[in-house]
Amino acid sequence: MVKKIFLILFLLNSSFTYAQTIKTDILVIGGGASGTAAAIQGARSKLKTLLVEPGPWLGGSMTAGGMCVVEGNRDLPSGIWGEFRKHVRDFYKNRLGYDTTYNATLRFEPYTGAAILKKITDTVKNLTVKLNTPFTAIEKDGTGWQVSITINNKKTTVKAKVVVDATETGDVAAMAGEAFVSGFDSAQDTGEDLAPQTALPRIQDITWIAILKDFGRGADKTIAKPTGYDAGNYACLKGKDIGKMLNDGRLPNDKYMIKWAGCGNQYPTTADDLKPANRDAFYAKARLHTLGLIYYLQTELGFKNIGIDDEFPTPDHLPFIPYIREAERTKGLVRMTLNDVYKPYDRESKLYRTSIAVGDASPGQHYGEGTAPKTNYPPFIAYSIPLGAIVLKDLDNLLVTEKAMSVSHLVNASSMYPSVQMSIGQGAGATAAFCAFFKTTTKRLNVRLIQGELLDFKAWLLPFTDIKQSDPYFRSMQQVGATGLLKGIQQVKGNSAKLLFMPDSVVNTAEVEPFFKEIYARAFLWFNKEKPAEKFTQGNLLSFISEITLTEPKSLQISIQKAWKTQYKFTSDFDMNRPITRREFAILANKFLNPFARTVDTTGRMVN
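Quick caveat: nothing in here was measured; it's all calculated off a predicted structure. Residue numbering note: each chain is counted from 1, following its sequence as written. This being a predicted model, a pLDDT of at least 70 is required before a residue's local features are given, and a value of 80 or more before pairs of side-chain atoms are given or counted; all residues contribute to the totals for chains, interfaces and linings. Side-chain descriptors were evaluated using all non-hydrogen atoms of the structure, hydrogens and water having been removed beforehand.

**Concerning the overall build of the chain**
Then, number 1: A run of H or I in DSSP becomes a helix once it reaches four residues, and a run of E becomes a strand once it reaches two; helices and strands are each numbered from the N terminus. When helices and strands are tallied, the chain shows 18 helices and 22 strands.
Then, number 2: With C-alpha atoms as the basis for the radius of gyration, the globule rule is written as 2.2 Å multiplied by the number of residues raised to the power 0.38. Computed over C-alpha atoms, the radius of gyration of the chain comes to 27 Å, within 12% of the 25 Å expected from 2.2 N^0.38 for 608 residues, which places it in the range of a compact globule.
Then, number 3: Referenced to the eigenvectors of the C-alpha coordinate spread, the extents of the chain come out at roughly 85 × 80 × 50 Å.
Then, number 4: Partly exposed describes any residue whose relative accessible area lies between the buried limit of under 20% and the exposed limit of over 50%, with all areas from a 1.4 Å probe on protein chains only and scaled to the type maximum. Going through the 608 residues of the chain one by one, you find that 58% of them count as buried.
Then, number 5: Pairs at least 24 apart in sequence give 74% of the contacts found in the chain among residues at least 6 apart.
Then, number 6: Where accessible areas are quoted, they stem from the Shrake-Rupley method and a 1.4 Å probe; at the residue level, only the protein chains shown are allowed to cover. When the accessible area of the chain is evaluated, it comes to approximately 25900 Å², of which 52% is carbon and sulfur surface.
Then, number 7: His residues and chain termini do not enter the charge count, which takes Lys and Arg as positive and Asp and Glu as negative. Taken as the charge centre is NZ of Lys, CZ of Arg, CG of Asp or CD of Glu, depending on the residue. Each charge class in the chain was averaged separately, 74 positive and 60 negative side chains, and the resulting centres sit 5 Å apart. Contacts are assigned to residue pairs that have any heavy atoms within 4.5 Å of one another.

**Some thoughts on the state of the cysteines**
Then, number 1: The criterion for a disulfide is a pair of cysteine sulfur atoms lying within 2.5 Å. Within this structure, the stated rule accounts for 1 disulfide.
Then, number 2: Sulfur-sulfur distance for the disulfide between Cys236 and Cys263 comes to 1.8 Å. The sign of the S-S torsion, about -100 degrees, decides the handedness of the disulfide formed by Cys236 and Cys263: left-handed. With Cys236 in the loop between strand 11 (210–214) and helix 7 (242–248) and Cys263 in the loop between strand 13 (255–258) and strand 14 (266–267), the pair connects residues that are 27 residues apart, well separated along the chain.
Then, number 3: The partly exposed category is assigned to Cys236, whose relative accessible area is 38%.
Then, number 4: The exposure class of Cys263 is buried, given its relative accessible area of 13%.

**Digging into the nonpolar core**
What tends to happen in soluble globular proteins is that the nonpolar side chains get buried as a cluster.
Then, number 1: The biggest cluster of nonpolar side chains holds 134 residues, and the ones touching the most others in it are Phe84, Phe108, Met422, Phe516, Phe536, Phe544 and Phe585.
Then, number 2: If you tally residues by element for this core, the top one is helix 11 (residues 418–437), at 10 residues.
Then, number 3: Phe544 has contacts with Phe516, Tyr520, Ala523, Trp526, Phe527 and Leu593, leaving out every residue within four places of it along the chain.
Then, number 4: Counting residues in each nonpolar core, the second largest holds 32 residues, with Ile242, Leu274, Ala286 and Ile294 among its members. Residues enter a nonpolar core if they are buried and are Ala, Val, Leu, Ile, Met, Phe, Trp, Tyr or Cys, with the set joined through side-chain atoms within 4.5 Å.

**Examining the sheet that holds strand 11**
Then, number 1: Strand pairing is assigned whenever DSSP identifies at least 2 bridges connecting the two strands. One open sheet accounts for 4 strands, arranged 12-13-11-15; its pairing is antiparallel. Of all strands in the sheet, those with a lone pairing partner are strand 12 (250–251) and strand 15 (306–308), marking the two edges.
Then, number 2: Alignment of strand 12 against strand 13, held across 2 bridges, turns out to be antiparallel. Paired with Arg250 across the strands is Tyr256, a residue of strand 13.

Geometric values such as these leave the question of function open.
Rendered as structure tokens:
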């Protein structure tokens, strides 16, 4: 009898050990570009954060997927993305020929990128990272979530106040019961002029990237003929400038990233192919297709000296995961469309006011020939990502990034880019931290507090490429830009377009009058009385500040005149009659009127 009791107690103790429970403020599932950034930001905001990644590396597509030639956000080194970019450049800067100019394309070896991200996370307090740790289940737990993960083949329960689904394909949200859409949206649905008239289920193809290396003129690195190899699949490469194609993907240390469209290693994909039940079989075919490309390059095109590098410890030395451009998308509090990119200031909703991230990646169109309509994008403008695009409408305290975000198909073609996602992940981390710290839910978000936290950690809200982070008044111009008091100015150059602040141009009265009247009751009286000219002057702004803040006009003038060059570092002379520049206006309006303090909801509407 005693032996039986001891046996029961032993078994009970073993079961308790097996079903360990971890409590955390923030749980981030998926250690890709967005997930790593979300976890770093959540922990830096002083909330206990756990990051779980099913694979052995951090970085997702741009490391474990080999997408290590990163062009997007070159002019927008926002927050954690800018930090990662700087670490990579510092690592390679002494290598002969490595381009370290301010906005050069970022090139790195995948293992190095993953190691840099791991080193960054290792230095962050309040952050625990678990690699090789898949999640298996999720269910609601009060206002938070209970998630099952597997650590060292043992089931562990995590209770989290907030969960960030940073998986490449929205697996967590899907398991939690979220509804998804996929493919081309219709023009009637999104209001996008470039969308097709009817919705189409087609999504962008994946690419199983390869990292190859030049082993020298006399080397023969020809691989074994892959199963099912058909040279005809790659025949369109004959006659192409393969040397140039290799050079486009050049990496340090004589390596190359192979990500070739058309009949290269792009592989036809449907939304069903990416579902968990179908994924393994589909991925196996895609890997074989890439191996076939390498074999063709070596045998038919004569590049036998270029072989697979041992960058990845996989059986075939290909990346752990594919480069996924698109999957199914959620419906969040808001849906970002192309109209928020091209006409952000002309819409009824003012989503730019709710920005948590910036992007400028050129939209990709990776489909088999004739399988999808071609979108003739005008030059693509740098844009802001609205907070509501990562917040699910019906599932509290579950945020989504990567391809599951609430954006249109045409916006996803840019927002899915790894550098953009790293910026978005930082925004998700700050949002999760807000909910956990204030013990609230995603139904009660304070846009301005979240944005303020992001600015504290060097993130950008508006993609003003002509205002560098080193500017002592970077924050002032970001905050004023996020209100819409001064709007960005679009400048087209080639196939892309920048959003500029143009700090040295002068302020037009017609630009600021509508905003002032929107938020200040006494603005109507002031404009009727003062009747400012077409160009708003320094005197006009000081008079308006005096009216709104009830400051004695003469003492205000003396105070600002004294600080004009010493404190504010303005280069022009103080002159009440001179038209005021946008820089001068932003700095003074931000300080004395503080329009950024006005509450906005997740649609960007001002709330009294």
